[in-house]
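This is what each chain is made of:
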Amino acid sequence: MPVPMPDDRPENPYLELLVRGAPAEAYERPVLRARADKAPADRLAALEAAKLLALRVRGELEGRRRREAELSALFETAHDLAGLRDLDAVLQAIVQRARSLLGTEVAYLTLNDPTVGDTYMRVTDGSVSARFQQLRLGMGEGLGGLVAQTARPYVTESYFHDPRFQHTHAIDAGVRDEGLVAILGVPLLLGSGVIGVLFAADRRARVFEREQIALVGSFAAHAAVAIDTAHLLAETRTALAELEAANEIIRDRSRVIERASDVHDRLTELVLRGGGVHDVADAVAEVLSGSVEFLEADEAPAAAVDRSRADGHAVRDGEEDWVAAVSAGGELLGALVLRGHPRLDPVDQRTLERAAMVTSLLQLARRSAGEAEQRVRGELLDDLLDAPDREPRLLRERAARLQADLDTPHVVLAAGIEAPGTGTPTTGSGNAHGTSHGGRSGNAQGNPHGTPHCATHGSGPGTTSGTSGTSSTSGGAPAEDAAGRRRLWSAASHLAATRHALAAARDGGTVLLLPLADGDTADALARRTARQLGTAVHAAVTVGASAPVPAPAARPGDVAAGYAEARRCLAALRVLGRAGQGAAAEDFGFLGLLLVGTREGAPDGTGVQDFVHRTVGAVIAYDERRGTELIRTLDAYFAGGMSPARTKDALHVHVNTVAQRLERVGRLLGPDWQSPARSLEIQLALRLHRLTSAVGY
């Protein structure tokens, strides 16, 4: 057992005080009590020595407890940093712990703003002034600005009386508003750079000890680590997000590339095994998970196809469709339409474009394979036009090999391409008489732009018919004209192949022999053909049609007569300003009598010429003898409603000149030439005169 210590030992009272943790003033009481009891001097001296020793022990214990609290706070801060989730929360905890351990009234932290070049308040604890909480300190301004600039700690017992600092009105007003007097500031160092300042401050004068400055420096180091760690975490998260996005893009691209490779393999296989355009559409539809359809040129959406041809890429059509034009050499062959895809990946878009290219190659291959058949069709039609005495049996056999039935009603159509923007025929359109004596333009193989072998009435490229009166002036350069005629012949040949019909290049244009379905008319067939050919060649195409030919094989001569009639219809459409349309003789009313005159027993329109000569022949003869313009004046007079004033405006002459010319007409035609019956005959004769000049009578 421990030996009990005597109660009279001088250190005993102080040991009890140390155990209780008594305040410093309690250590005076044992000495005072001994003096009151008149203790001897040696006793008093021993008590004084024990007191001093106890106070020293007490100071050491308090220091240890304080350091323990500081270390505990630093450990807690390190723990917070290890599990950093919220930077603001960590910085707030650091400021609160610094304030608590130093026993100051206020603690705060500022961060440098490299963009502006100053430091701003980030976290405060114990602050009550809004102005102070919004302070920004320029580098070198105030205590904080000096710390941020020099990277050294600064402390002052009385800020306003310390001349070391650059006092500014804004900073002093904020500090005064907060009521701060003593301020300690230490830098937040990251490497050799300062990223901010940690402060502890009191509203009264105070001396900060060296240990306290070191403690705040430790907290500042932790704060710098927290900020740096937060930045690194943010950068890491950003990098991870970017990597994830990049990986997702790579995965998407890999899937798209795999699809594109799959399409490439399938399309290659299709080409090698002789697949068709619909096989291509099915393969692309399966890979792109949509509906893909091949449309012919006249069925495809025109606006989208035009944009696709101009851009050279697949384009959006509406909300969910994509269109890729299928073309070759400036000729539109059709379009691939992908349906049900609001958005299309660029690689998938190129897949659709590649499929369109393969489709065009297949179309060209099919066309090349069909060119021999087209030449055969052209040769058969040429024989029907040029050799009407051919044996019908041989004609039927040749037609059967082409899946054409020449014992059913057909219509002969003459087609000509118009110069862009002019409505005039391109070079080599020939005259409108269209006799069957070798009007063939090109060789027997169906060349649409060759040199004519002979042309009794027809005209080759760059010439003008001697009997037509219809100008065949070039609507464009010769090369462009030839290219246009090639496109027209190609489109007509394709149409003939799909309709089990015949087509040939002739007289600078194209002639077709198309079957006439039950219930259809030659006029409707001509209009439909003009639209189809115009869409295929992207230019206006004028089509004249003959009356139906009941059985071309049995009566080949009717085909040649029908071609002449179709040519006259073609010329009439151009004369009447209807270029780019299609029509048959039945569409022209009384003018149809002129167009079909040779088929009704009036060779070369002799009856019409007699009517014109009988009605206005005297005026025509007068103009030819004297070089006057009476016929032109009559045309303007009737066109202006028989008004001399409007007539003189149309002719750009004086009204007296009009009166003199009309007086001369009256002498030639008789005084009753303006009566209703005579004026109707004269107007009809004038129009027939104009039209017969155009169609070559």
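Residues numbered from 1 in each chain as written. Predicted model: local features only at pLDDT ≥ 70, side-chain atom pairs only at ≥ 80, totals over all residues. Heavy atoms only, no water.

Caption draft 1: View of the nonpolar core. Counting residues in hydrophobic clusters, the biggest one holds 28 residues, and the most contacted among them are L91, L102, L109, L188, L198 and I227. Listing elements by their share of this core, those giving two or more residues are α4 (87–102), β1 (106–113), β5 (182–190), β6 (193–202) and α8 (210–272). Per-element accounting of this core gives the leading share, nine residues, to α8. Core analysis: the second largest hydrophobic core is formed by 27 residues, V277, L288, L344 and L362 among them. (Core = buried A, V, L, I, M, F, W, Y, C linked by side-chain atoms within 4.5 Å. Buried < 20%, exposed > 50% of the residue type's maximum accessible area, 1.4 Å probe, protein only. Helix = DSSP H or I, 4+ residues; strand = E, 2+ residues; numbered from the N terminus.)

Caption draft 2: Structural view of the packing of aromatic side chains. Throughout the structure, instances matching the rule amount to eight aromatic pairs. Between F638 and W673, the ring centres sit 6.4 Å apart and the planes meet at 85 degrees, which makes this aromatic pair edge-to-face. Residue F638 is located in helix α18 (residues 630–639), and its partner W673 is located in the loop between α20 (655–669) and α21 (676–695); the two are separated by 35 residues in the primary sequence. Taken as a pair, F638 and W673 share a single burial class, namely buried. An aromatic cluster of at least three residues, connected via ring pairs, comprises Y154, Y159, F160 and F165. (Phe/Tyr/Trp six-rings, centres within 6.5 Å; stacked < 30°, edge-to-face > 60°.)

Caption draft 3: Here's a closer look at unusual backbone geometry. Unusually for a residue other than glycine, H500 sits at a positive phi of about 55 degrees. Of note, H500 is situated in the loop between α13 (478–498) and β12 (502–506). Its relative accessible area of 36% is what places H500 among the partly exposed residues. Even without being a glycine, D507 presents a positive backbone phi close to 55 degrees. Inspection of the secondary structure assignment puts D507 in the loop between β12 and β13 (509–515).

Caption draft 4: Inspection of the sheet that holds strand β10 (residues 331–339) at higher detail. An order of β7-β10-β9-β8 is seen for the four strands of this open sheet, with the pairing classed as antiparallel. Across the chains shown, the open sheet's two edge strands, defined by having one partner strand only, are β7 (291–295) and β8 (315–317). Averaged over neighbouring strand pairs, the angle between their axes works out to 30 degrees when direction is ignored. Bridge count for β7 against β10 is five bridges, and the pairing is antiparallel. (Pairing = 2+ DSSP bridges. Axes fitted to C-alpha atoms, helices over the stretch in contact; angles between N-to-C directions.)

Caption draft 5: Representation of the confidence of the model for the chain in the model. Confidence in the prediction for the chain averages 79 pLDDT; 82% of positions are at 70 or higher. Mean pLDDT across the secondary structure elements of the chain bottoms out at helix α16 (residues 591–595), with 57, and peaks at strand β4 (residues 154–156), with 94. Under a pLDDT of 50 for its full length, residues 427–475 has, in the predicted model, 117 contacts with residues more than four places off or in other chains. Segment residues 598–604: pLDDT under 50, and 13 contacts once partners within four positions in sequence are set aside and those in other chains are kept. (pLDDT = per-residue confidence, 0-100. Contact = heavy atoms within 4.5 Å.)

Caption draft 6: Representation of the packing of helix α19 (residues 644–651) against α20. One way to put it is that α19 packs onto α20 with a least axis distance of 9 Å and a crossing angle of 105 degrees. Put simply, α19 runs roughly perpendicular to α20. Contacts between α19 and α20 involve P644, T647, K648 and L651 from the former and V655, V658 and R661 from the latter. (Parallel < 35°, antiparallel > 145°, perpendicular 65-115°, else oblique.)

Caption draft 7: Here's a closer look at the pattern of salt bridges. As enumerated under the stated definition, the model contains 30 salt bridges in all. The partner of R206 in a salt bridge is D202, and the shortest N-O contact between them spans 2.9 Å. Both residues of the pair, R206 and D202, belong to the buried class. R574 is paired through a salt bridge with E418; the nearest N and O atoms lie 2.8 Å apart. Here R574, found in helix α15 (residues 556–575), pairs with E418, found in the loop between β11 (410–417) and α13; they are 156 residues apart in sequence, far enough to count as distant. We classify E418 as buried; its relative accessible area is 2%. Beyond isolated ion pairs, a larger network of salt bridges with shared partners links E28, R35, E48 and K51. (Salt bridge = Lys/Arg side-chain N within 4 Å of Asp/Glu carboxyl O.)

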